[in-house]
Amino acid sequence: MKKIFFAVAIFVVALAATGCTKLLLSEPRGEDASQAQVESNVDALDVSLKGLYSIMYIGSDLSDREFSNEDRRFIEGQKFIDLVSDMLASDVACPQASFNWLANRTYMDEYLSNGRFNNWLWKYEYNNIRNANSLIARCNLILDNKNSIPSLKEHAQLVKAQAVIMRAHFYSNLFNFYVKPGDTSGNFGIIYHDETDMNVEKGLTPYNEVVDRVIASTTEAIGQIGDLKNPSKVGLDANIAKMILAYIHLNRGRFFDETKKTESCTEALRLAKEVIAATKATNPILPYEAVLTNGFNNVGSSNWMWGVDVTPEKSYSLYCFFSFVDIYTLSYASYGEYAAIDKDLYGKIDEMLDAKDRRKEWWTQEVKAGGMNFYYLPNNKFFDKNRIFRGNRNWDTDYVFMRSEEAYLIAAEAAYALGNEAEARTYLKELVAQRSPDNVNAIDALTGDKLKDYIAANWRIEMWLEGKTFMALKRFKWETTRASNHFYWKGRKLDANSQYFYFEIPLREKSYNPYL
């Protein structure tokens, strides 16, 4: 494996591990560390931690010629994963192939061992895991050294806890793409590395062994970060960490290992309820009156829990997420290659939700702009605030990674899975009160499969193109047929067992790893 992902410039750790830093904080003659040394170590840990957060939106290192120079769209990190995964689930269509940058992601061949996104994703996430493990190991040096002063140990423990939680997030992405329940072919699966074996080549690790370790270490880390604040929203706090863990539990109990349904869904529900209680005042659900005006473009949005303030200096211009969704940005979308809602899904929103649900207005059946026609465009969900055709040339619209509405959806789904239908309806009603207030009371009549389908519909519509549909499809096991507005594979039928949703171990990994 190390020939694959170790080859990437480990820029985060390398930056913080330069020669002037003494991690052990002990002089050769046993003297106490100076204040300057303490500050140097704190700064070094913080730089590395910020690097872990930055790769959420930087993606590939720009020096990685294998992907960045040839296909710069691979440098968008988590938002690129969100985009591609939901396009695979096919609730997102690409109607035209003007440039084939977005359209090629809908060809449904990414799962193959030689798929470009497949190979990028594997390398990207294992590079992230290695960076997290390196930072954890460096924190352990401080924590295990009896000469380290208490204030530095306390800081190292806090940094380590955040690195552990970020590592869980990276593993969660790998679970979602590479784990195929019940498969014994050796073509699917992941390899577990922690801070103790970063340089060891290994074979596949059973999913349950990995997820048990991830859950245990993340649960411990959540207790260690306490009331850590995250005013910029780019870092972590306990609520974000609990949501990461809630997703891992929900996906395990509802899909990867359904023998764990009761245990895992109970934990997912507990965590989601804790987040709801903690964020109801600080991160309220996006209110009804802002549903069509928010634009999902500002990290200052009160419902955003985790995101990044994109500045022109941070932006990758035409290669950014908004370039594929927003015609009010100078973008590929504005020149005809854009992400649209699946036409048939749009046509069923009234039936799936209700005719007054405001979320249907996130999309417009036909938009005329710049002498062009755009169909089923999300022009009222993702848009630059000035709404001038090709107006934003700074590419500085912000990115959301997590928002408070997700906690209500997790709670509703987990409660339903546990047979607590009344509780599931309660959490749905809190969300729908801000989406279709006239329909809230109708939710009381939903039971059984109708309630399940309504929860699934809320995932599909509320979280459209935010990276959550891919796993929701697997958990709810719905079937779908690609509508006529997909450029590739119109009419293709898909379900949770479709081969396209399970990524083969990348060819490069198989070629270099002697244990595969």
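Residues numbered from 1 in each chain as written. Predicted model: local features only at pLDDT ≥ 70, side-chain atom pairs only at ≥ 80, totals over all residues. Heavy atoms only, no water.

Trainee: Even after reading the chapter, I still don't get the packing of helix 13 (residues 405-417) against helix 15 (residues 448-462), so can you show me in this structure?
Mentor: Where helix 13 meets helix 15, the axes come as close as 10 Å, and the angle between the chain directions of the two elements is 160°. With respect to helix 15, the axis of helix 13 lies roughly antiparallel. Seen along the crossing, helix 13 lies across helix 15 with a hand that is left-handed. Counted together, Glu 405, Glu 406, Leu 409, Ile 410, Ala 412, Glu 413 and Tyr 416 of helix 13 and Gly 448, Asp 449, Leu 451, Lys 452, Ile 455, Asn 458, Trp 459 and Glu 462 of helix 15 form the full contact between these two elements. Taken together, the residues of the contact of helix 13 with helix 15 sort by class into seven nonpolar, two polar and six charged. (Axes fitted to C-alpha atoms, helices over the stretch in contact; angles between N-to-C directions. Helix = DSSP H or I, 4+ residues; strand = E, 2+ residues; numbered from the N terminus. Parallel < 35°, antiparallel > 145°, perpendicular 65-115°, else oblique. Left-handed = near helix turned anticlockwise from the far one by under 90°. Contact = heavy atoms within 4.5 Å. Nonpolar A, V, L, I, M, F, W, Y, C, P; charged D, E, K, R; others polar.)

Trainee: Would you mind going over the pattern of salt bridges with me for this structure?
Mentor: Any two side chains of opposite charge can pair, on the condition that their charged atoms come close. One pass over the full model with this rule turns up 30 salt bridges. A salt bridge links Arg 270 to Glu 274; its shortest N-O distance comes to 2.9 Å. Placement of the pair is Arg 270 and Glu 274 together in helix 10 (residues 261-279), with a separation of four residues, close to one helical turn. The closest approach of N and O atoms between Arg 425 and Glu 421, which form a salt bridge, is 3.8 Å. One end of the pair, Arg 425, and the other, Glu 421, are both in helix 14 (residues 421-432), four residues apart, so they sit about a helical turn from each other. Note on Arg 425: relative accessible area 15%, which makes it buried. (Salt bridge = Lys/Arg side-chain N within 4 Å of Asp/Glu carboxyl O. Buried < 20%, exposed > 50% of the residue type's maximum accessible area, 1.4 Å probe, protein only.)

Trainee: When you look at the confidence of the model for the protein in this model, what are you seeing that I'm missing?
Mentor: Any residue range with low pLDDT should be treated as having predicted coordinates unsuitable for detailed reading. Mean pLDDT over the protein works out to 90, with 89% of the residues at or above the 70 mark. Counting contacts from residues 1-33, a segment whose pLDDT is below 50, to residues more than four positions away or on other chains yields 80 contacts. (pLDDT = per-residue confidence, 0-100.)

Trainee: Please explain the packing of aromatic side chains as it appears in this structure.
Mentor: How two aromatic rings sit relative to each other is set out by the distance from centre to centre and by the angle between their planes. With the rule as written, the count across this model stands at 40 aromatic pairs. Geometrically, the ring pair formed by Tyr 111 and Tyr 500 is edge-to-face, given 5.6 Å between the ring centres and 85° between the ring planes. Of this pair, Tyr 111 sits in the loop between strand 1 (92-93) and helix 6 (116-144) while Tyr 500 sits in the loop between strand 8 (493-494) and helix 17 (507-512), placing them 389 residues apart in sequence. Pair check on accessibility: Tyr 111 and Tyr 500 agree, each one buried. Plain terms: the ring middles of Phe 255 and Phe 256 are 5.1 Å apart, the flat faces sit at 65° to each other, and that makes the pair edge-to-face. (Phe/Tyr/Trp six-rings, centres within 6.5 Å; stacked < 30°, edge-to-face > 60°.)

Trainee: What should I look at first to understand the pairing of strand 6 (residues 399-403) in this one?
Mentor: In summary, the side chains of a regular strand alternate between the two faces of the sheet. With five of its five residues buried, strand 6 lies for the most part within the structure. Pairing of strand 2 (residues 304-308) with strand 6 involves four bridges; the strand directions are antiparallel. Paired with Trp 304 across the two strands is Arg 403, which belongs to strand 6. (Pairing = 2+ DSSP bridges.)

Trainee: I'm lost on the packing of helix 9 (residues 238-256) against helix 10 in this one. Help?
Mentor: For the pair helix 9 and helix 10, interaxial distance at closest approach is 8 Å and the crossing angle is 155°. By the criterion of interaxial angle, the relationship of helix 9 to helix 10 is roughly antiparallel. Helix 10 is crossed by helix 9, and the crossing has left-handed handedness. Contact residues: helix 9 offers Asn 239, Lys 242, Met 243, Leu 245, Ala 246, His 249, Leu 250, Arg 252, Gly 253 and Arg 254, while helix 10 offers Lys 261, Ser 264, Cys 265, Glu 267, Ala 268, Leu 271, Glu 274, Val 275, Ala 278 and Thr 279. Of the residues assigned to the contact of helix 9 with helix 10, the class counts are nine nonpolar, five polar and six charged.

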